[in-house]
Amino acid sequence: MPWRYVGRRLLQLAVILFGVSVLVFLMLRLIPGDPAQLLLGEYATPAELEQLRHKLGLDRSLAVQYWVYVKSALQGDMGVSIRTGAPVFQEIAPRLIATVELSLAAMVIATLFGVGAGVVSAVRQYSVWDYLTMFLALVGVSMPIFWLGLMLIYLLSVKYPLFPMMGRLSMGLDIPVVTGLVLVDALLSFRPDVLWDGLHHLILPAFTLATIPMAVVARITRSSMLEVLDQDYVRTARAKGMDEWVVILRHGLRNAMLPVVTVLGLNLGLLLSGAVLTETIFSWPGLGRYVVDSLMGRDYAAVQGCILIFAVIMTLINLLVDLVYVVLDPRIRIHE
Amino acid sequence: MMAALLEVQRLCTEFRTRRGVVRAVDGVDLRLDHGETLGIVGESGCGKSVTALSILRLLPRKQGRIASGRILYDGVDLVSLPESAMRRIRGNEISMIFQEPMTSLNPVYTVGFQIREVLKKHRGLEKDEARREAVRMLSLVGIPDPESRVDDYPHQMSGGMRQRAMIAMALACRPRILIADEPTTALDVTIQAQILDLMGRLKEEFGMAVLLITHDLGVVAETCRRVVVMYAGKAVEEADVEELFDVPSHPYTVGLFASLPRIGGKRGKLTPIPGTVPSLDRLPPGCAFQERCPRAEGPCFQEPPPWTAVSEGHRVRCWHPVEHS
Ligand SMILES: Nc1ncnc2c1ncn2[C@@H]1O[C@H](COP(=O)(O)OP(=O)(O)O)[C@@H](O)[C@H]1O
Ligand code: SF4
Ligand SMILES: [Mg+2]
């Protein structure tokens, strides 16, 4: 692992975060509307408003506000939500984990099924399977998540009640929170019933969120595999007498994964924005819904916190993608 | 006469292309005896690689197929062999090395891994043993410092080194036949000589038969016992090397010799064969060489020429073969 490279990327991360924090800070302050007014309602007296503004620091200059904001953020203090009065960090953490759980599940689904379908399509190019998957993939990328989620709920929760339609766990089920990931916590506390229930709740929203990346991954995998399977080294593998699955997976897919990883990385961003919709439709208590609610309520601190978290996640994911690249392709290692 | 190790009989290989089906190999016969080196020569595009790929059944599946003919290996017809049995032969009893050392090795695995893979598959060697054997093979093909080079990725090696590594991989299971498809074409001249040298040495050491494909008559002269000359998918002349060099009978073969640069020889000037190879989907009736042939006349334009014996072990496919006195 090229540590100097990781270090340089982490430095970049700091720069990006600075930029994001300035942008977020300014953007929200420049939107018309007075948070104090919003909080206290229409009938607040000017004195009351003044007092709240002072308490929130809204009466000081932008530079000072930003400085105070950054200083405390660096100490893990992201301010207090003006809607709930709770520290933003405390509000964000469990929601972030709920979102991570949903996104990871969606990512796993998208990768497994997308890559699997793409490989079979490439190996059986122009077969019925190939045409069918590529048609479905085309439908998949152009599917409005919102509509798909509602259809799934209507069909599989309402009409044929196979899946629960909202939340992460059924009422009354409870487990000690260790990681915050329901499935992991269920395993840790040996509760197969909770594991099953959590999984049951996770499937529909995760599938909904996975649709677009799955379709994109299937198409990229197919075209990448088609290209790789024509390479000389694949012929060499066959000439060595390797079994066909070894030729396809070990020699083909391993090389074809490079563009797929890029696309997966890019789609993680898409996933986060998709998460906002999916969480709303399925009442998933995640960050996506929280950020929308906070925006509506002009909850500056909360929105700043969320966007900062999004930025950190996106940059970390980019770093991760690059590192996976380095692991997958030894030719990159030498240039470092 | 002893049974041949490999006998290709009237092999026809076809490709589906946008302009219809083309016959890239048309009725080729080859005979390779134990421990012998047989050369196949001809200009680029005449069907040498397709012949080689047909023998191991490595044609691109979507477009290529063996349309007819037999490929007898030890008396067994490879054309109708089940794929699983074919896999036990590839890389084990019949190995192949290719023209492009730069792209023939998988870029994401070490050279050692790629050699171990074949040792595990065919000889069941486990990791440590396979690694030792891979190092041994690398040192056998003249790669310096094999203990550390075994962990190199292909991109860390030069073209010549990669071709050596390919040879090590191909010979790891002691095959009885090595098919070498223009193994030195992509390399520069000094490296070419080294690789040919190495192949000659290993052939003796392992007692292999070699099917050497090349477009270079100089290479043929140095390495082969017998030669088959191909043109537009057909074998057009076949003879022992000395015989072919002494009395080339097909006008195309004569043309190939004339186009050889002879440094210090009597014929100093280079006279390439005029014209180009006709496209396989637009072959004229009669002899495929007619448009470029100074002797074309009469039947050449109507009937494909049949095989004619020139002497014992020397035959030619031509209506008006060149006579030598
Ligand atoms: N994948 C393919 N698809 C269509 N035609 C092919 C393909 N590979 C080879 N051919 C045809 O076979 C002919 C012989 O090719 P090849 O055996 O590679 O020539 P060479 O003698 O240079 O090795 C080519 O001229 C081409 O027309
Ligand atoms: S058959 Fe006729 S055209 Fe063909 S090589 Fe012989 S003389 Fe030339
Ligand atoms: Mg060739």
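Residues numbered from 1 in each chain as written. Chains lettered and ligands numbered in written order. Predicted model: local features only at pLDDT ≥ 70, side-chain atom pairs only at ≥ 80, totals over all residues. Heavy atoms only, no water.

For any pair of aromatic rings, geometry is given as the distance between the ring centres together with the angle between the planes. Residues and elements named next belong to chain B. Tallying each qualifying case throughout the model produces six aromatic pairs over all chains. Pairing Tyr-231 with Phe-289 gives two aromatic rings, centres 5.0 Å apart and planes at 80°, and the pair type is edge-to-face. One end of the pair, Tyr-231, is in strand β9 (residues 226-231); the other, Phe-289, is in the loop between α11 (251-258) and β11 (307-311), and 58 residues separate them in sequence. Look at Tyr-231 and you get buried, because its relative accessible area is 2%. Pairing Phe-245 with Phe-257 gives two aromatic rings, centres 4.7 Å apart and planes at 70°, and the pair type is edge-to-face. (Phe/Tyr/Trp six-rings, centres within 6.5 Å; stacked < 30°, edge-to-face > 60°. Helix = DSSP H or I, 4+ residues; strand = E, 2+ residues; numbered from the N terminus. Buried < 20%, exposed > 50% of the residue type's maximum accessible area, 1.4 Å probe, protein only.)

Residues and elements named next belong to chain B. Around ligand 1 there are 14 residues in total, and Gly-45, Gly-47, Lys-48, Ser-49 and Val-50 lie nearest to it. One of the backbone N or O atoms of Gly-45 is found 2.6 Å from an oxygen atom in ligand 1. One nitrogen or oxygen atom from the main chain of Gly-47 is found 3.1 Å from an oxygen atom belonging to ligand 1. Notes on ligand 1: free accessible area 560 Å², of which the protein chains cover 68%. Elements with a contribution of two residues or more to the shell around ligand 1: β1 (6-17) and α1 (48-55). (Near = heavy atom within 4 Å. Polar contact = N/O pair within 3.5 Å; in protein donor to acceptor, adjacent residues only side chain to side chain. Areas by Shrake-Rupley, 256 points an atom, 1.4 Å probe, with all protein chains shown as cover.)

On to the sheet that holds strand β5 (residues 76-77) of chain B, then. Residue and element names in this part refer to chain B. Taken in spatial order, the four strands make up an open sheet running β2-β1-β4-β5, and their pairing is antiparallel. Two strands lie at the open edges of the sheet, namely β2 (20-32) and β5, each paired on one side alone. Pairing between β1 and strand β4 (residues 64-73): eight bridges, direction antiparallel. Counted as the bridge partner of Cys-12 is Ser-68 from β4. The strands touched by α1 within the sheet are β1, β2 and β4, with β1 carrying the most contacts at an inclination of about 110°. (Pairing = 2+ DSSP bridges. Contact = heavy atoms within 4.5 Å. Axes fitted to C-alpha atoms, helices over the stretch in contact; angles between N-to-C directions.)

Our next topic: the confidence of the model for chain A. Per-residue confidence for chain A gives a mean pLDDT of 86, with 97% of residues at or over 70. For chain A, per-element mean pLDDT is lowest for helix α14 (residues 330-335) of chain A, which scores 67, and highest for helix α10 (residues 232-239) of chain A, which scores 97. (pLDDT = per-residue confidence, 0-100.)

Residue-level contacts link 27 residues of chain B with 23 residues of chain A. Together chain B and chain A conceal approximately 2400 Å² of surface at their shared face, both sides included; 55% is due to carbon and sulfur atoms. Looking only at chain B, the three residues that lose the most surface to chain A are B:Val108, B:Glu117 and B:His155, adding up to 22% of its buried area. Inspection of the chain B/chain A interface yields six salt bridges. The salt bridge involving A:Asp243 is made with B:Arg87; its shortest N-O contact spans 3.2 Å. Taken together, the links from chain B to chain A amount to 17 residue pairs in polar contact (both at pLDDT 80 or more). Those elements giving two or more residues to the side of chain B that touches chain A turn out to be α3 (101-104), α4 (111-123) and α7 (159-171) of chain B. In terms of residues, the side of chain B that touches chain A owes the most to one element, α4(B), which gives six residues. Tallied by class, the residues present in the side of chain B that touches chain A amount to twelve nonpolar, eight polar and seven charged. (Buried area = accessible area lost by both parts, 1.4 Å probe. Salt bridge = Lys/Arg side-chain N within 4 Å of Asp/Glu carboxyl O. Nonpolar A, V, L, I, M, F, W, Y, C, P; charged D, E, K, R; others polar.)

Right, let's talk about a nonpolar patch on the surface for a bit. Residues A:Trp147, A:Met151, A:Tyr154, A:Leu155, A:Val158, A:Tyr160, A:Leu162, A:Met165 and A:Met166 make up a contiguous nonpolar surface patch of roughly 900 Å² in combined accessible area. Mapped onto the secondary structure, A:Leu162 falls in the loop between α7 (145-159) and α8 (182-188). (Patch = residues over 30% accessible without salt bridge, like charges linked within 9 Å, V, L, I, M, F, W, Y side chains within 5 Å.)

This part is about the site of ligand 2. Among the 13 residues in the neighbourhood of ligand 2, the closest are listed as B:Cys287, B:Cys293, B:Cys300, B:Cys318 and B:Trp319. Here the residues of the shell around ligand 2 sort into nine nonpolar, three polar and one charged.

Let us now look at helix α4 (residues 62-74) of chain A. Here α4(A) contains 13 residues, and its C-alpha end-to-end distance of 18 Å stays within 8% of the 18 Å for a straight helix at 1.5 Å per residue. A:Gly76 lies just past α4(A) and shows a positive phi near 80°. (Expected span 1.5 Å × (residues − 1).)

Attention now moves to the side chain of B:Lys48. Structurally, B:Lys48 is set in helix α1. Within the structure, B:Lys48 has its side chain in polar contact with the backbone oxygen of B:Glu43 (distance 3.1 Å).

Residues and elements named next belong to chain A. In this numbering, the UniProt entry assigns the feature "transmembrane region" (unreviewed entry) to residues 12-31, 102-123, 135-157, 169-190, 202-221, 258-282 and 302-328. Annotated as residues 202-221, this span is 100% helix and 0% strand, and its ends, taken at the C-alpha atoms, are 26 Å apart. Each end of residues 258-282 is marked by a C-alpha atom, and these two atoms are 33 Å apart; helix forms 96% of the span and strand 0%. (UniProt positions renumbered as here; feature names shortened; annotations may be inferred.)

Next up on the list: the pattern of salt bridges. For the structure on display, the rule yields 38 salt bridges over all chains. Of the charged contacts in the structure, one is a salt bridge between A:Asp329 and A:Arg331, with a shortest N-O distance of 3.0 Å. A salt bridge links B:Glu182 to B:Lys48; the nearest nitrogen and oxygen atoms lie 3.7 Å apart. Here B:Glu182 is found in the loop between β7 (177-181) and α8 (189-206), whereas its partner B:Lys48 is found in helix α1, with 134 residues between them in sequence. The class of B:Glu182 is buried, set by a relative accessible area of 7%. Residues participating in the shared-partner salt-bridge network are B:Arg10, B:Asp29, B:Arg226, B:Glu238, B:Asp240 and B:Arg315.

Here we come to the sheet that holds strand β6 (residues 94-97) of chain B. Residue and element names in this part refer to chain B. Across the sheet, eight strands lie side by side as β6-β7-β8-β3-β9-β10-β12-β11; this open sheet has mixed pairing. With one partner strand each, in any of the chains shown, β6 and β11 form the two edges of the open sheet. Neighbour to neighbour, the strand axes of the sheet diverge by 20° on average, direction disregarded. The sheet contact formed by β9 and strand β10 (residues 234-240) spans six bridges and is antiparallel. Note on β10: the bridge partner recorded for Val-228 is Glu-238. Across the face of the sheet, α1 comes into contact with β3 (37-41), β6, β7, β8 (209-214) and β9 while running at roughly 150° to β8. Contacts from α7 reach β6 and β7 within the one sheet, and its direction differs from that of β6 by about 170°.

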